[in-house]
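# Architecture and fold: a report
The lines below spell out each chain.
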Amino acid sequence: MPELPEVQTIVDDLNKKIIGRRITGVWFDAPKLIKKPKSKDFEKEIKGLKIIEIRRRGKNILIYLEKCHMSGVKCQMFLLLVHQKLTGHLLYGKWRTIKVSRFKSLKVKSLIRGSLEEKVNNYIHLIFYLDNGWQLGLSDLRKFAKVLFGPKKEIEKLPDLTKLGPEPLDQSFNLSVFQSAILKNKGKIKQVLMNQEIIAGIGNIYSDEILWQAKIHPFRLANKLIANELTNLYSAMRQILKKAIKLRGTSISDYRDAEGRPGAYGKILKVYQKENKPCRRCRTLIKRVKMGGRSSHYCPKCQKI
DNA sequence: CGATTCCCCTGATAGC
DNA sequence: TGCTATCAGGGGAATC
């Protein structure tokens, strides 16, 4: 599931590949993914716009586009927001749609990277055609992803962006800001870390890894953490997120970078999906418990309640 | 208002 | 072998 490091990896990749490209067309077979505008208007509204910049906010990919009138004198900014949720990811590549049956309008996508390979990718549900012959495709096995598009100012006003908490890696998000943000909550620390309105970008994988590193039990109440623990938690959070970005993310589920390659952080995971494996510090077996419908992994010895 | 549950969706896995 | 039931999981909506 793409969290901050995975989304950052994709954003960095895309910034190297699609800046300045113009969208020449759109194809999709899962209209429910497009939340704004109405899916039938989507292509009409985005066609012809030029990609200016890609950014990340929390787990959201923000693609800024420009529409110019009067031969470039007057320009208007637009924003395409993609949230990949569990299994979505944006890919840069080439696909073609194939009619499988002449009775059904069901289509399969063939992936062609240059002329190197050709294989079916059943999970491409949205394709943006670019003016260099390449495409930006949204692959999503679970179809949970969401796509929003509209004038920049309009999209920026939506709760999808306005409700997000601070960026954990921002310079201004220092230890004291972090401490007060955490201490305001009486919920369990794991859920607080994953709450996008408190801190943006941390999900199930990295919250488990951060808590293990900081030796804090996921069930501990946020407002009961002591100063020393908050210091450890803060530095674990910064350290792990930075390292995960360096390693281009974790390939749990079917996460891939913009070129379809897996990330390397998965190799150094300490607790996530390590149930019954020995803790890397004390050899005690890692436990997995359910918490609000999500699984939580921790070492029962290192992370005391 | 806050906390909990349901739901979206589909591949993997378990049970029969 | 093949069917059905269950589960995972981000986040928004509905419900308690």
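Here, every reference points to the structure presented above.
Here is a short report on the structure shown in this document. Here the structure is a predicted model, which is why all the values come from computation and not from measurement.

## What about unusual backbone geometry?
When glycine is set aside, most residues are seen to have a negative phi, and most peptide bonds are trans. Following Lys36, the chain continues to Pro37 via a peptide bond in cis, the omega torsion being -10°. Residue position: Pro37 is located in the loop between β2 (34–36) and α2 (39–46). We note that Lys85 has phi near 50°; this positive angle belongs to a residue other than glycine. Looking at the element boundaries, Lys85 is found in the loop between β5 (74–83) and β6 (88–99). One non-glycine residue with positive phi stands out, namely Lys215, at about 55°. Its location among the elements puts Lys215 in the loop between α7 (204–213) and α8 (227–246).

## Details of the sheet that holds strand β4 (residues 60–69)
Across a sheet, strands are paired by hydrogen bonds formed along the backbone, either parallel or antiparallel in direction. What the 5 strands build is an open sheet, ordered β2-β11-β5-β4-β3; its pairing is mixed. Looking at the sheet topology across the chains shown, the edges are occupied by β2 and β3 (50–57). Neighbouring strand axes in the sheet, compared pairwise and without regard to direction, differ in orientation by 25° on average. In terms of strand pairing, β5 meets strand β11 (residues 146–151) through 6 bridges, oriented antiparallel. Paired with Val82 across the two strands is Val147, which belongs to β11. With respect to the sheet, helix α1 (residues 4–17) is in contact with β3 and β4, its orientation differing from that of β3 by roughly 160°.

## Here's the deal with the state of the cysteines
Using the criterion set out here, one finds 1 disulfide in the structure. Disulfide pairing places Cys68 opposite Cys75 at an S-S distance of 2.1 Å. A torsion of 100° about the S-S bond marks the disulfide between Cys68 and Cys75 as right-handed. Judged by its relative accessible area of 37%, Cys68 falls in the partly exposed class. Its sulfur unpaired, Cys279 is 3.7 Å from the next cysteine sulfur, which belongs to Cys299. In this structure Cys299 is not part of a disulfide, and its nearest cysteine sulfur, from Cys282, lies 3.6 Å away. On the accessibility criterion, Cys299 (0% relative accessible area) is buried.

## Here's the deal with the protein's contact with DNA strand C
In the vicinity of DNA strand C there are 15 residues, among which Leu86, Arg142, Lys290, Arg294 and Ser295 approach most closely. For DNA strand C, a phosphate oxygen lies 3.1 Å from a polar atom in the side chain of Lys59. Note that a phosphate oxygen of DNA strand C is positioned 2.7 Å from one of the side-chain N or O atoms of His83. Contributing elements (two or more residues each) for the surface near DNA strand C: β12 (287–291) and β13 (294–298).

Rules used in this analysis
Residues numbered from 1 in each chain as written. Chains lettered and ligands numbered in written order. Predicted model: local features only at pLDDT ≥ 70, side-chain atom pairs only at ≥ 80, totals over all residues. Heavy atoms only, no water. Helix = DSSP H or I, 4+ residues; strand = E, 2+ residues; numbered from the N terminus. Pairing = 2+ DSSP bridges. Axes fitted to C-alpha atoms, helices over the stretch in contact; angles between N-to-C directions. Contact = heavy atoms within 4.5 Å. Disulfide = S-S within 2.5 Å. Buried < 20%, exposed > 50% of the residue type's maximum accessible area, 1.4 Å probe, protein only. Near = heavy atom within 4 Å. Polar contact = N/O pair within 3.5 Å; in protein donor to acceptor, adjacent residues only side chain to side chain.

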